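Listed here are the chains, written in short residue letters.
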Amino acid sequence: MTDTAGVSKAYEGAKQRYADCGVDTERALERLAAVAISLHCWQGDDVGGFEHTAAASGGGIQATGNYPGKARTADELRADLDKAISLIPGTHRLNLHAMYAETAGRVDRNQLQPEHFGAWIDWAKAAGVGMDFNPTYFAHPLADSGFTLSSRDEAVRRFWVEHGIACRRIAAHMGEQLGSASVHNIWIPDGFKDLPADRRRPREILQRSLDEILAERFERRHLLDSLEGKLFGIGSESYVVGSHEFYLGYAVRNRTLLCLDTGHFHPTEEVADKISAVLAFLDEILLHVSRGVRWDSDHVVILSDPLRHLMQELVRGDYLGRVHIGLDYFDASINRVAAWVIGTRCTLKALLLALLEPTAPLQRMEAEGDYTGRLALLEEAKTLPFPAVWEYYCQRSGVPADAGWLDEVRQYERDVLRKRT
Ligand code: RNT
Ligand code: ZN
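Treat the numbers as computed from the prediction; the structure is a model and nothing was measured. (Residues numbered from 1 in each chain as written. Chains lettered and ligands numbered in written order. Predicted model: local features only at pLDDT ≥ 70, side-chain atom pairs only at ≥ 80, totals over all residues. Heavy atoms only, no water.)

Enquirer: I'd like a rundown of the overall build of the protein chain, residues and numbers included.
Expert: Helices and strands together make up the secondary structure of the protein chain, namely 14 helices and 10 strands. Here the C-alpha atoms of the protein chain give a radius of gyration of 22 Å, agreeing with the 22 Å that 2.2 N^0.38 yields for 421 residues. Judged by the C-alpha coordinates and their principal axes, the protein chain covers about 65 × 55 × 40 Å. Across the 421 residues that make up the protein chain, the buried fraction comes to 53%. As presented, the protein chain carries roughly 18,300 Å² of accessible surface, and 50% of it is formed by carbon and sulfur atoms. (Helix = DSSP H or I, 4+ residues; strand = E, 2+ residues; numbered from the N terminus. Rg over C-alpha atoms; globule rule 2.2 N^0.38 Å. Buried < 20%, exposed > 50% of the residue type's maximum accessible area, 1.4 Å probe, protein only. Areas by Shrake-Rupley, 256 points an atom, 1.4 Å probe, with all protein chains shown as cover.)

Enquirer: I'd like a rundown of the site of ligand 1, residues and numbers included.
Expert: Looking at ligand 1, the residues that line it are Trp-42, Ile-61, His-97, Trp-187, Glu-228, Lys-230, Asp-261, His-264, His-288, Asp-296, Asp-328 and Phe-330. Between an oxygen atom of ligand 1 and a side-chain N or O atom of His-288, the distance comes to 3.2 Å. Asp-328 has a polar side-chain atom sitting 2.7 Å from an oxygen atom of ligand 1. Protein coverage of the free-state accessible area of ligand 1, which is 310 Å², stands at 99%. (Near = heavy atom within 4 Å. Polar contact = N/O pair within 3.5 Å; in protein donor to acceptor, adjacent residues only side chain to side chain.)

Enquirer: I'd like a description of helix H10 (residues 336-355), backed by residues and values.
Expert: If you check H10, its first and last C-alpha atoms are 29 Å apart, about what 20 residues at 1.5 Å a residue would give, namely 28 Å. For H10, the buried fraction is high: 18 of the 20 residues fall into the buried class. Structurally, the start of H10 carries an N-cap: the backbone nitrogen of Val-337 is 2.8 Å from a side-chain oxygen of Asn-335. (Expected span 1.5 Å × (residues − 1).)

Enquirer: Explain the coordination of the zinc ion (ligand 2) to me, and be specific about the residues and the numbers.
Expert: Surrounding the zinc ion (ligand 2) are the protein donor atoms Glu-228 (OE), Asp-261 (OD), His-288 (ND1) and Asp-328 (OD), which sit 2.1 Å from the metal. One can describe the donor arrangement at the zinc ion (ligand 2) as octahedral, given that its six donor atoms subtend angles of 71 to 167° at the metal. Taken in chain order, the donor set of the zinc ion (ligand 2) reads E-x32-D-x26-H-x39-D. Residue Asp-261 is located in strand E8 (residues 257-261), and its partner Asp-328 is located in the loop between strand E10 (323-327) and H10; the two are separated by 67 residues in the primary sequence. One exposure class covers both Asp-261 and Asp-328, and it is buried. (Donors = N, O, S within 2.8 Å, 3.2 Å for Na, K, Ca; no water. Tetrahedral: all angles 85-135°; square planar, octahedral: opposite > 155°, others 65-115°.)

Enquirer: So what about the nonpolar core? Which residues, and what values?
Expert: By size, the foremost hydrophobic cluster in this structure holds 124 residues, and its most contacted members are Leu-96, Trp-120, Leu-149, Ile-285, Leu-287 and Met-311. A per-element tally of this core places H10 first, with 13 residues. Non-local contacts of Leu-96, meaning those with residues more than four positions away in its chain, are made with Cys-41, Phe-117, Trp-120, Met-131, Asp-132, Phe-133, Asn-134 and Met-174. Counting six residues, the second largest nonpolar core, distinct from the first, contains Ala-181, Val-183, Leu-257 and Cys-259. (Core = buried A, V, L, I, M, F, W, Y, C linked by side-chain atoms within 4.5 Å. Contact = heavy atoms within 4.5 Å.)

Enquirer: Any details on the packing of aromatic side chains? Residues and values, ideally.
Expert: Taken as a whole and judged by the stated rule, the model has 11 aromatic pairs. Centre to centre, the rings of Phe-50 and Tyr-100 are 5.3 Å apart; their planes meet at 90°, and the pair counts as edge-to-face. A residue pair is termed long-range when its members are at least 10 positions apart, and Phe-50 in the loop between strand E1 (37-40) and helix H3 (74-85) and Tyr-100 in the loop between strand E2 (93-97) and helix H4 (118-127) qualify at 50 residues. With respect to class, Phe-50 is no different from Tyr-100; both count as buried. Ring geometry for Trp-390 against Tyr-393: centres 6.4 Å apart, planes inclined by 45°, an arrangement best described as tilted. Here Trp-390 and its partner Tyr-393 are both found in helix H13 (residues 386-396), three residues apart, which amounts to about one turn of the helix. Considered together, Trp-390 and Tyr-393 belong to a single accessibility category, that of buried residues. Feature note: the residues Tyr-137, Phe-159 and Trp-160 constitute an aromatic cluster, connected by ring pairs. Over the face of the ring belonging to Trp-120 we find Arg-78, whose NZ or CZ atom lies 4.7 Å from the ring centre. (Phe/Tyr/Trp six-rings, centres within 6.5 Å; stacked < 30°, edge-to-face > 60°. Lys NZ or Arg CZ within 6 Å of the ring centre and 35° of its normal.)

The values reported here are purely geometric and, on their own, carry no functional implication.
In structure tokens:
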């Protein structure tokens, strides 16, 4: 366990050290505390949802692993989220998918209503967190053809348009109830496994479907619409209808948000570089922070260089007020509560590292053409006493400052998760 007196003492030293570099640690911690990360419900049950229908294919969303203890009901999922949240400093959000509706009996996705999410909204109110929402365009018999909003089958397309319309109403209701705009993010799996002969028509159909879904007006303080593109997926290796360029164009023209998922680009592309480019034309964006290993594998987020670069961009470009940060990964091979805690704590660490960067002198040197100084300071800044500031932040937020959080997860696994069979 952490020595609390030791943490405070180490912090005082670190604070002085950062002050010598012109960095105000108190200000950095204030800014960090103001950022809410949207925790993705789907890490808790391997993107299963609670529709209790025969597992449908479609969408290429597949968690691998069979670690025991996955949530089988919404109550279990909420309990697991409570556990994870208790081990993460700050106040965050919940990102829910439509397939997590609680419907007594069968309600198809085009018939969903706000009341089917009443227990989630009550939970969020009690926890004091905002909610974001996603329509679910996969794992459904009408997604089996590989086409949803861009389907040539009018009945299929209509069903999914209705789903989209229903989900925006639900999201706006959440935003209103919780007093914080809900980001409604559309991702569809549509695409071709093999070489298409017509890339144009599906995109025209998708454009029309989006126009229909987004026609209803809501206040931006309740609802923000976002669109998530992708380079390729399982079963859509050759062509994805909703590509990055497609949605970027759509978002600019229709003033929606654009979602950048860090696993949805060529593996050598860094999403960090895209932030300042797209924010030159868009008011706000959504991030899906993920970790691709060789492909869009959705591994648990770690404190990697790409994550650090992403957070640096948000701070250096002064974009924190315009970027919504959500997590998107699903690993079924490790403890799922731990997966949430690891990914969220790492995201916050990366953000704090960025907030503690001596950005002003770095940018000044760059403007003056002093690239030697820029490189030297960047490297020196890497070994400033960051851990002392992070541990102090955790301590004052009332959560374990070190790996002690793992003991609590292990205890929860023994008491709760292992009893689920
Ligand atoms: C899929 C997208 C999408 C999903 C979630 C479950 O490639 O990343 O965001 O992961 O909607
Ligand atoms: Zn995503």
